[in-house]
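Single-letter residue listing:
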Protein chains: 2
Amino acid sequence: MKKLINSVDSVVTDALRGLAAAHPGLRVDVDNQIVVRASGPRPGKVGLVSGGGSGHEPLHAGFVGYGMLDAACPGEIFTSPVPDQMIAATEAVNGGAGVLHIVKNYTGDVLNFEMAAELSAEEGVEVASVLVDDDVAVQDSLYTAGRRGTGATLFVEKIAGAMAETGAPLPEVVRVAGEVNARSRSFGVALSACTTPAAGKPTFELKDTEIELGIGIHGEPGRTRSAMRGARELARTVMEAIDEDMPISGDTLVMVNGMGGTPLIELYVVFAEVADYLASKGATAARSLVGNYVTSLDMQGFSVTVCLLNDELTRLWDAPVETPGLRWGR
Amino acid sequence: MKKLINSVDSVVTDALRGLAAAHPGLRVDVDNQIVVRASGPRPGKVGLVSGGGSGHEPLHAGFVGYGMLDAACPGEIFTSPVPDQMIAATEAVNGGAGVLHIVKNYTGDVLNFEMAAELSAEEGVEVASVLVDDDVAVQDSLYTAGRRGTGATLFVEKIAGAMAETGAPLPEVVRVAGEVNARSRSFGVALSACTTPAAGKPTFELKDTEIELGIGIHGEPGRTRSAMRGARELARTVMEAIDEDMPISGDTLVMVNGMGGTPLIELYVVFAEVADYLASKGATAARSLVGNYVTSLDMQGFSVTVCLLNDELTRLWDAPVETPGLRWGR
């Protein structure tokens, strides 16, 4: 294993030191692993908190900033943050209008965010939560009851963040967050496993001609192991899996997301095929993202997330955002 | 070799199809491999053209847009574009105020851009060029007389692009482009080789405990092969190489750039160490970029580029930019 780290134990805190040094718009509590906007909570604005295991950067800490999250609490690599982090983040972003927890559907995350929400409520903070479970690959998995939360998390954070920025009340922010999740589906493919620093070797082995269809973002198994194929056929496989679960039509928001070890040129090759698939269904990629956004350390591969847009979601997607991982239009 | 491609021969054109589908603000001539702003040339504005071999995405085509390049001509993987592409791009962006060619110092690129500049001048277009040669690792190399052009290319494109956007005349844009190059230095480290689609196997072999110090962006050899070490020591090695060549002081613009296969969490670990090194010299990372910007396909590793800022460069760096690969503030 060759990794750019100082020690296996300090990867997350060292990366948070780097995040703090690179982004003065963030206030980073390195010891307690909490990242909030340096500008502090805005009175009357709903606060948005997310979090989850590290190793998926820029998710979540890279999406803290204007128009998106108010705070993120990163856990250790592929490990849920603890309730204390979530409670501290919730209190830090409470501007009096309540706080929304955006939770990816993994058992540890769900339990810890539930506990944090209860304890925060006892302290007088109004807390709601939205569960993201967009991955159509498997119904239950190693770490999940129900579907896994993957790429749609970014869409929920962006669109709910834009809604919160307008000063909308908590129920409105909750509604739109749930709507984004309900209208989004994802499917991922691994060309290689990832290597966690602690394990020091790949989480599974794939032959030189093999891929894993429906991979999870921690390297957990997908639907099936299969033979490698060309980008066109791979994109079709992925899009058909999504289309079968949620018929695709009209204007869509599409992310072709790299898993961390795949170069951008290949992601654009995939995007071309995804766009062709959409056109064949009479749909369009009205909005898109191509790049590494919801990653799995150094895994090679990609995922596609499709969200069926409507006017409201499109407007909120287009609203200004200014975070380390996503910036435009302000 | 597992890559997300349709065929070895169509990688670049397929990726350009994807670029076109994802970014309606670009006009992409897929067959001739030319990418220009869809808005066309602005009368009276200096046009900026860059280009080079593909495999370094988002460089260069991902930096076409407001505040940066007017056009890019990507060659085949790690292969210079041909003069015809450069001439067509030059004509397409000519708004009557002249055109600047931003050329990375590789023999093929230099010769082809020279020929294109001569032929464009014969057609009545005023053309100037700036050579980027920021890599302190080696004096000459496999593809270079003199130093290689690497990360500073992005700085030159951004800052000269901002200057051009103000309506400044060609000599002013040339001056600031040259100044950015003169004040910038880079050094790269490979943890692994990259694999070009045509070769189908890594361009060189590194043992599990070995790294290449001073790697080029095509996998060409650097200064020395060395033992793997921790992020802190690696960052110090890189920063000392830069510092020896150009003493670092004051406010700097710093990029910790991933080579394509390295996850963001590790780049932030490196950035923390780079920031510490700067602080130890009484310097600061007043502006920074952390991510994959000037890549080498799937290579694992990173490079650091440091530019010594002054007020003018800082102001131009902060100016709005809106491209697929770099966006802020508009």
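Residues numbered from 1 in each chain as written. Chains lettered and ligands numbered in written order. Predicted model: local features only at pLDDT ≥ 70, side-chain atom pairs only at ≥ 80, totals over all residues. Heavy atoms only, no water.

Taking an unreviewed UniProt entry as the reference, chain A is identified by name as Dihydroxyacetone kinase-like protein belonging to Streptosporangium brasiliense.

To continue, consider the packing of helix 6 (residues 231-245) of chain B against helix 7 (residues 264-280) of chain B. When two helices pack together, you describe them by how their axes are tilted relative to each other and by the distance separating the axes. All names here are of chain B. With their axes 9 Å apart at the nearest point, helix 6 and helix 7 run at an angle of 50° to one another. In terms of orientation, helix 6 lies oblique with respect to helix 7. Crossing handedness for the pair helix 6 and helix 7: right-handed. Within the contact between the two elements, helix 6 uses Ala 231, Arg 232, Ala 235, Arg 236, Met 239, Glu 240 and Asp 243 and helix 7 uses Val 269, Val 270, Glu 273, Val 274, Tyr 277 and Leu 278. Along the lines of polarity and charge, the residues of the contact of helix 6 with helix 7 split into eight nonpolar, no polar and five charged. (Axes fitted to C-alpha atoms, helices over the stretch in contact; angles between N-to-C directions. Helix = DSSP H or I, 4+ residues; strand = E, 2+ residues; numbered from the N terminus. Parallel < 35°, antiparallel > 145°, perpendicular 65-115°, else oblique. Left-handed = near helix turned anticlockwise from the far one by under 90°. Contact = heavy atoms within 4.5 Å. Nonpolar A, V, L, I, M, F, W, Y, C, P; charged D, E, K, R; others polar.)

Sequence positions flagged by UniProt for "domain: DhaK" (unreviewed entry) are, in local numbering, residues 7-328 of chain A. The span residues 7-328 of chain A shows a helical share of 33% and a strand share of 24%, and its end C-alpha atoms are spaced 35 Å apart. (UniProt positions renumbered as here; feature names shortened; annotations may be inferred.)

What follows covers the domain arrangement of chain A. All names here are of chain A. According to the domain assignment, chain A contains domain 1 (11-183) and domain 2 (184-309). Between the C-alpha centres of domain 1 and domain 2 the distance comes to 23 Å. Across the boundary between the two partners, domain 1 contributes 30 residues, which contact 35 residues of domain 2. Counting across the domain 1 and domain 2 interface gives two salt bridges. Measuring nitrogen to oxygen at the nearest pair gives 4.0 Å for the salt bridge that ties Glu 220 to Arg 148. Inspection of the domain 1/domain 2 interface yields 18 residue pairs in polar contact (both at pLDDT 80 or more). Here the residues of the side of domain 1 that touches domain 2 sort into 17 nonpolar, six polar and seven charged. (Domains from an automatic or database assignment. Salt bridge = Lys/Arg side-chain N within 4 Å of Asp/Glu carboxyl O. Polar contact = N/O pair within 3.5 Å; in protein donor to acceptor, adjacent residues only side chain to side chain.)

Turning our attention to the relation of the copies chain A and chain B. Here two copies of a chain appear, and what relates them is a rotation about an axis with a shift along it. Taken as rigid bodies, chain A and chain B are interconverted by a rotation of 180° and an axial shift of 0.0 Å, the fit giving an RMSD of 0.0 Å. In the structure described here, the two chain copies are related by an operation that fits a two-fold rotation axis. Residue Gly 261 of chain A of chain A places its C-alpha closer to the rotation axis than any other residue of that unit, at 2.0 Å. (Least-squares fit on C-alpha atoms with pLDDT ≥ 70 in both.)

So, about unusual backbone geometry. A cis amide bond links Glu 57 of chain A to the next residue, Pro 58 of chain A, at an omega of 10°. Here Pro 58 of chain A lies in the loop between strand 3 (47-54) and strand 4 (71-77).

In this assembly, 57 residues from chain A lie in contact with 57 residues from chain B. Summing both sides of the interface, chain A and chain B together bury roughly 4600 Å²; the carbon and sulfur share of this comes to 60%. Its largest share of buried area at the contact with chain B, chain A owes to Lys 2, Leu 4 and Ile 265 of chain A, together 20% of the area lost on that side. Across the contact surface, chain A and chain B share six salt bridges. Here Arg 17 of chain A and Glu 273 of chain B are joined by a salt bridge, their closest N and O atoms 2.8 Å apart. The interface formed by chain A and chain B includes 24 residue pairs in polar contact (both at pLDDT 80 or more). Those elements giving two or more residues to the side of chain A that touches chain B turn out to be helix 1 (11-22), strand 8 (210-213), helix 6 (231-245), helix 7 (264-280), strand 11 (284-291) and strand 14 (327-328) of chain A. The element contributing the most residues to the side of chain A that touches chain B is helix 7 of chain A, with 11 residues. For the side of chain A that touches chain B, a count of residues per class yields 30 nonpolar, 12 polar and 15 charged. (Buried area = accessible area lost by both parts, 1.4 Å probe.)

A few words on helix 6 of chain A. All names here are of chain A. The end-to-end C-alpha separation of helix 6 is 21 Å, in line with the 21 Å expected for 15 residues at 1.5 Å each. Along helix 6, the residues classified as buried are Ala 231, Leu 234, Ala 235, Val 238, Met 239, Ala 241, Ile 242 and Asp 243. Residues of helix 6 that are buried make contact with strand 7 (184-190), strand 8, helix 7 and strand 12 (301-308). (Expected span 1.5 Å × (residues − 1). Buried < 20%, exposed > 50% of the residue type's maximum accessible area, 1.4 Å probe, protein only.)

Glancing now at the packing of helix 2 (residues 83-93) of chain B against helix 3 (residues 107-122) of chain B. All names here are of chain B. Relative to each other, helix 2 and helix 3 sit at 45°, their axes nearing to 8 Å. In terms of their interaxial angle, helix 2 and helix 3 are classed as oblique. Along this stretch, helix 2 crosses helix 3, giving a crossing that reads as right-handed. Contacts from Pro 83, Met 86, Ile 87 and Thr 90 in helix 2 reach Asp 109, Asn 112, Phe 113, Met 115, Ala 116, Leu 119 and Ser 120 in helix 3.

This paragraph deals with a negative patch on the surface. All names here are of chain A. A surface patch of like charges, here negative, comprises Glu 91, Glu 114, Glu 118, Glu 122 and Glu 123. Per element, the largest residue contribution to the negative patch is three residues, and it comes from helix 3 (residues 107-122). Mapping Glu 114 onto the fold places it in helix 3. (Patch = residues over 30% accessible without salt bridge, like charges linked within 9 Å, V, L, I, M, F, W, Y side chains within 5 Å. Areas by Shrake-Rupley, 256 points an atom, 1.4 Å probe, with all protein chains shown as cover. Lys, Arg positive; Asp, Glu negative; His and termini not counted. Charge placed at Lys NZ, Arg CZ, Asp CG, Glu CD.)

Looking now at the packing of aromatic side chains. Tallied over the entire structure, the rule returns four aromatic pairs over all chains. The interplanar angle of 80° and the centroid separation of 5.6 Å between the aromatic rings of Phe 155 of chain A and Trp 317 of chain A together place this pair among those described as edge-to-face. Pair noted here: Phe 155 of chain A is in helix 4 (residues 152-165) and Trp 317 of chain A is in helix 8 (residues 311-318), with a separation of 162 residues, a long-range link. The exposure classification of Phe 155 of chain A matches that of Trp 317 of chain A, with both residues buried. Taking 5.4 Å as the distance between ring centres and 55° as the angle between the ring planes, the aromatic pair formed by Trp 317 of chain B and Trp 328 of chain B counts as tilted. In this pair, Trp 317 of chain B is assigned in helix 8 (residues 311-318) and Trp 328 of chain B in strand 14 (residues 327-328), connecting sequence segments 11 residues apart. The same class applies to Trp 317 of chain B as to Trp 328 of chain B, namely buried. A connected cluster of aromatic rings, assembled from ring pairs, spans Phe 155, Trp 317 and Trp 328 of chain A. Here the basic side chain of Lys 158 of chain A rests over the ring of Trp 317 of chain A, its NZ or CZ set 6.0 Å away from the ring centre. (Phe/Tyr/Trp six-rings, centres within 6.5 Å; stacked < 30°, edge-to-face > 60°. Lys NZ or Arg CZ within 6 Å of the ring centre and 35° of its normal.)

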